[in-house]
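# Analysis of the macromolecular model
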Amino acid sequence: MKKILLFAAISLIFNWASAQKYVSQKFETPEQKLNNEYCSGLFKSAEGNIFDISSNMTVKGYLNILDWLQGKVAGLQIYHQKDGTAVPFIRNQRAGIYLDELPISPEDLNMLSVADIAMIKVIKEPFVGDFGNGPGGAIAIYTLNGDDEEEDGDDTK
């Protein structure tokens, strides 16, 4: 019995002495990296679906980014007015549209080229950053930064 206890004590001390401290590295998903790079304030802390538009080639065929988003986010519906303007609704409530965290109207979104968009964040829960506390959520669209834009390769000016 003494040999068993002695063996158990020695193995416990050996395991304790040789144990390594595990230091976890903070792993970020590509969506979290985009969120940290582009979003700030209320937009950064709000949960939502994040889409990396700069690396997605299918989006280039659309004239309006809201048409591309339709069907990719649960609960998002895009209705078109008589003049062709796309208006987003999340769970039957009108969603606020933000371009680089500034509120814009759906009509202004028609002038934005999809080639200039880097990321989209769709916030489905009521968004407190919206005027009137936006019960329909928000669609935050972020444009490419100056260092994100691709080089033409043309150095002549």
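Described in the following lines is the structure provided in the data block.

Turning next to the nonpolar core. Counting 22 residues, the largest nonpolar core has I65, L69, I120 and I141 as its most contacted members. Of all elements in the fold, only α4 (65-69), β2 (76-80), β3 (86-90), β7 (117-123) and β8 (138-143) reach the threshold of two or more residues within this core. In terms of residues, this core owes the most to one element, α4, which gives 4 residues. Setting aside chain neighbours within four positions, we find I141 in contact with I65, I97, Y98, L99, D100, L109, L112, I117, M119 and I120. Counting 14 residues, the second-largest nonpolar core is a separate cluster that includes L34, Y38, C39 and A118.

This paragraph deals with the sheet that holds β3. Sheet strands associate in pairs through backbone hydrogen bonding, adopting either a parallel or an antiparallel arrangement. Strand order across the open sheet formed by 3 strands is β2-β3-β4, with antiparallel pairing between neighbours. Edge strands, defined here as strands with exactly one partner in the open sheet, are β2 and β4 (93-94). In the sheet, β2 pairs with β3 via 5 bridges, with the strands oriented antiparallel. In the strand pairing of β3, I78 is matched with P88.

The topology assignment puts L63 in the loop between β1 (49-52) and α4. Assessed through its relative accessible area of 79%, L63 is described here as exposed.

Rules of the game
- Residues numbered from 1 in each chain as written.
- Predicted model: local features only at pLDDT ≥ 70, side-chain atom pairs only at ≥ 80, totals over all residues.
- Heavy atoms only, no water.
- Core = buried A, V, L, I, M, F, W, Y, C linked by side-chain atoms within 4.5 Å.
- Buried < 20%, exposed > 50% of the residue type's maximum accessible area, 1.4 Å probe, protein only.
- Helix = DSSP H or I, 4+ residues; strand = E, 2+ residues; numbered from the N terminus.
- Contact = heavy atoms within 4.5 Å.
- Pairing = 2+ DSSP bridges.

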